[in-house]
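Chain by chain, the residues run as shown.
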Amino acid sequence: MAGSRLQTVGSVFSRTRDLLRAGVLKEKPLWFDIYNAFPPLREPVFRRTRLRYGKAKAAIQDILYPEDRIRAKFYLAYGSGQKAFDLFNPNFKSTCQQFVEKYIELQKLGETDEEKLFVETGKALLAEGVILRRVGEARTQKAGSHVSWESEPSDVKSQTVLENNKPLPEALQGQHMEPSEEQSKGQCCCGCILSSGTAGLENSSSLLLILPCMETAQFCSCQQYRGMPVSPRPHQYIPVLLNQARILP
Amino acid sequence: MAPAASVSRLLGAGVCAGPLRPRLLQSATPGRARPSGRTLASAATPAVREPEGSIDLNDRILNEPLKHSDFFNVKELFSVRSLFDARVHLGHKAGCRHRFMEPYIFGSRLDQDIIDLEQTAAHLWLALNFTAHVAYRKGIILFVGRNRQFSHLIETTARDCGEYAHTRYFKGGLLTNAPLLLGPKVRLPDLIIFLHTLNNVFEPHVAVRDAAKMQIPTVGIVDTNCNPCLITYPVPGNDDSPPSVHLFCRLFQTIINRAKQKRRHMEALYRLQGQEGPGARGGGPAHPPSLGAYPGDRSSPLPEESGSHACP
């Protein structure tokens, strides 16, 4: 049976139709009438893939919602939610989603100030029994200065990460440490903490100072003190209230 | 199942074993002078009327479905909501996106492409309708997919609807050099359905290009990293998630079975009306048990001679 193997020239249909018209192909194929009656939305012609050059970009929009702003602030403050996501349940509401809904509810009542709304939503949720742990309370000893982070909530891409991403960046962002703390809080290579002065630590009264090892809270003799933040080993945490800490100048 | 049919339904053997039997191509043109062997039972007394009647019957059987907009009631099989629940809208990350898939993408949520399900629904309707018509006309359908996770599913789907599948290594020349590889006088598939357009190294499957070469129409599930150009009826959708692939397999299986059942009904109906003679009124189908007995398949009313069938 005659045929045309030029897949780059026209569509399957156009080639068959022309072969039939020319009389080269004697019998109409089975699918010909069906294609005639129900053609596809786009004729299947071959197209060469060409790269885009310069600044040309695909015209595909990002899908963003107004609730994403609220979600960004939530994750900034609280890190990833304490409740694990149950994806098997189609009607599952995460902590963040509950927060967002409550926020919108309160917003509709007439409140306009964003920070106030935020705080009130937190309070409302706590009243309902949802646990919300602020990230800043748990990790104060990391010097936020070394981690330069964009803190605009409108930059959703960096902050509205999916809930199961690691909360570490948000944790670092969430604390209220001043950049001048870098001399006062540093960690030696052996893991003991050295701190001098309490100047910047008075920002938040609820801050906890965490000393990795109480017994070696003296000046460490090792010479490799850099003041770089080191991720603390969990078994060394001993949360101590601020005014009771032995802080050496 | 007839022994000849079972032999020809070899699955997954790496060989398109179906068309091994030499078969005359059943022509779809109704205007042939030579009557088909089926309806012409005995060219007895009405020598003039019988051949014309048989051609007419064949013509009617083949052309009747094309006059209706939705002869096989395809649109009741799925909805945008059911596509969403099966996660058909989830595409790959933006870096994997193929340029020609951009028209079918709704947007990207945190860098993951979301496929526009309105367009998918329209494309899927066309694809399923085409498949149904091909199955109705007794075309050979070949399921192709190279994703190993769903290899078994595709093969069982093909077996359950009485068609063919090829989910193993595709030998070069299987379609283009078929007389050498499969034997002389091999009938090639009339439709190829791709559950996965890419092969295991993320390149377009060879069968896409070869089907275009051999003038075989194709239906394919194209994900955001696939090239939809050469596929006759592309269906933009997710081809990686199990619920999505299961849904598509189920849809194809249902529609092919439905189309074959419709064909049997139509033949029975027209044969009955042919036997009673053209003058006698066709008093309805005499085989009610066979009509509408397909479990899970609502029987659509068959077109009657008298009235014009109102499209559903």
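Right above here is the structure, for reference.
This is a predicted model, so every value here is computed, not measured.

(A) Layout of the sheet that holds strand S2 (residues 105-109) of chain B. All names here are of chain B. One open sheet accounts for 3 strands, arranged S1-S3-S2; its pairing is antiparallel. Both edges of this open sheet fall to strand S1 (90-93) and S2, since each of them pairs with a single strand only. When the angles between neighbouring strand axes are averaged without regard to direction, this sheet yields 30 degrees. Both S2 and strand S3 (residues 112-115) contribute to a ladder of 4 bridges, which runs antiparallel. Paired with Ile 105 across the strands is Ile 115, a residue of S3.

(B) Up close: the pattern of salt bridges. Residue and element names in this part refer to chain B. Inspection of every chain in the model, using the stated rule, returns 21 salt bridges over all chains. In this structure, Lys 260 and Glu 163 form a salt bridge, with 2.9 Å as the shortest nitrogen-oxygen distance. With Lys 260 in helix H8 (residues 242-276) and Glu 163 in the loop between helix H5 (151-160) and strand S5 (164-166), this residue pair connects regions lying 97 residues apart in the sequence. With a relative accessible area of 4%, Glu 163 lands in the buried category.

(C) The arrangement of the packing of H5(B) against H8(B) in detail. Residue and element names in this part refer to chain B. For the pair H5 and H8, interaxial distance at closest approach is 9 Å and the crossing angle is 15 degrees. Overall, the two elements H5 and H8 adopt an arrangement that is roughly parallel. Considering how the two elements wind past one another, H5 and H8 form a crossing that is right-handed. In this structure, H5 uses Leu 153, Ile 154, Thr 157 and Asp 160 to contact H8, whose residues at the interface are Val 245, His 246, Cys 249, Gln 253 and Asn 257.

(D) Molecular detail of the interface of chain B and chain A. Counting residues at the interface gives 47 residues for chain B, matched by 42 residues for chain A. For the pair chain B and chain A, the two sides together bury roughly 4000 Å², of which 62% comes from carbon and sulfur. The interface formed by chain B and chain A includes 3 salt bridges. Taken together, the connections running from chain B to chain A amount to 15 residue pairs in polar contact (both at pLDDT 80 or more). Looking at the side of chain B that touches chain A, the elements with two or more residues in it are S2, helix H4 (117-136) and helix H7 (206-213) of chain B. The element best represented in the side of chain B that touches chain A is H4(B), accounting for 8 residues. Of the residues contributing to the side of chain B that touches chain A, the split by class is 23 nonpolar, 15 polar and 9 charged.

(E) Spatial organisation of the pairing of S3(B). Here S1(B) runs beside S3(B); their pairing, made up of 2 bridges, is antiparallel. Residue pairing in the sheet places Leu90(B) in a bridge with Ile114(B) of S3(B).

(F) A look at the pairing of strand S7 (residues 218-222) of chain B. All names here are of chain B. With respect to burial, S7 is a largely interior element, 5 of its 5 residues being buried. Judged by which residues are buried, S7 turns out to be covered on both faces: Thr 218, Gly 220 and Val 222 on one side and Val 219 and Ile 221 on the other are all buried. Pairing geometry for strand S6 (residues 191-194) and S7, over 3 bridges, is parallel. Paired with Ile 192 across the strands is Thr 218, a residue of S7. Taking the sense of rotation as the criterion, the β-α-β connection linking S6, H7 and S7 turns out right-handed. In the sheet, S7 pairs with strand S8 (residues 233-236) via 4 bridges, with the strands oriented parallel.

(G) How the structure looks around the packing of aromatic side chains. Applying the stated criterion across every chain, the model contains 19 aromatic pairs over all chains. Taking 6.3 Å as the distance between ring centres and 70 degrees as the angle between the ring planes, the aromatic pair formed by Phe38(A) and Trp125(B) counts as edge-to-face. Here Phe38(A), found in the loop between helix H2 (32-37) and helix H3 (67-78), pairs with Trp125(B), found in helix H4, and the two come from separate chains. Grouping residues by exposure puts Phe38(A) and Trp125(B) together as buried. When the centroid spacing of 4.9 Å and the interplanar angle of 55 degrees are considered together, the rings of Phe74(A) and Phe99(A) count as tilted. One end of the pair, Phe74(A), is in helix H3; the other, Phe99(A), is in helix H4 (residues 95-108), and 25 residues separate them in sequence. You'll find Phe74(A) and Phe99(A) in the same group, each marked buried. Taken together, the aromatic side chains of Phe13(A), Trp31(A), Phe32(A), Tyr35(A), Phe130(B) and Tyr233(B) make up a single cluster linked through ring pairs. Lying over the aromatic face of Phe71(B), Lys262(B) brings its terminal NZ or CZ to 4.6 Å of the ring centre.

(H) Molecular detail of the nonpolar core. Residue and element names in this part refer to chain B. Core analysis: the biggest nonpolar cluster contains 57 residues, and Phe 78 and Phe 143 have the highest contact counts within it. Here Phe 143 is in contact with Ile 154, Ala 158, Cys 161, Glu 163, Tyr 164, Ala 165, His 166, Ile 193, Leu 195, Phe 252 and Ile 256, once residues within four sequence places are set aside. Of all hydrophobic cores here, the second largest spans 26 residues; its members include Ile 192, Ala 207, Ala 212 and Leu 230.

(I) The arrangement of H4(A) in detail. All names here are of chain A. Between its first and last C-alpha, H4 extends 20 Å over 14 residues, near the 20 Å set by a 1.5 Å rise per residue. Among the residues of H4, Thr 95, Cys 96, Phe 99, Val 100, Lys 102, Tyr 103 and Leu 106 are the ones counted as buried. Lining the buried residues of H4 we find H3 and helix H5 (114-128). Of the residues flanking the end of H4, it is Gly 110, one or two places downstream, whose phi is positive at about 125 degrees.

(J) Examining unusual backbone geometry more closely. All names here are of chain B. One non-glycine residue, Asp 111, lies in positive phi territory at about 80 degrees. Mapped onto the elements of the fold, Asp 111 is located in the loop between S2 and S3. In this structure Asp 111 comes out as partly exposed when scored by relative accessible area, which is 39%.

So, how was this worked out
Residues numbered from 1 in each chain as written. Chains lettered and ligands numbered in written order. Predicted model: local features only at pLDDT ≥ 70, side-chain atom pairs only at ≥ 80, totals over all residues. Heavy atoms only, no water. Pairing = 2+ DSSP bridges. Helix = DSSP H or I, 4+ residues; strand = E, 2+ residues; numbered from the N terminus. Axes fitted to C-alpha atoms, helices over the stretch in contact; angles between N-to-C directions. Salt bridge = Lys/Arg side-chain N within 4 Å of Asp/Glu carboxyl O. Buried < 20%, exposed > 50% of the residue type's maximum accessible area, 1.4 Å probe, protein only. Parallel < 35°, antiparallel > 145°, perpendicular 65-115°, else oblique. Left-handed = near helix turned anticlockwise from the far one by under 90°. Contact = heavy atoms within 4.5 Å. Buried area = accessible area lost by both parts, 1.4 Å probe. Polar contact = N/O pair within 3.5 Å; in protein donor to acceptor, adjacent residues only side chain to side chain. Nonpolar A, V, L, I, M, F, W, Y, C, P; charged D, E, K, R; others polar. Right-handed = clockwise from strand over helix to strand, strands pointing away. Phe/Tyr/Trp six-rings, centres within 6.5 Å; stacked < 30°, edge-to-face > 60°. Lys NZ or Arg CZ within 6 Å of the ring centre and 35° of its normal. Core = buried A, V, L, I, M, F, W, Y, C linked by side-chain atoms within 4.5 Å. Expected span 1.5 Å × (residues − 1).

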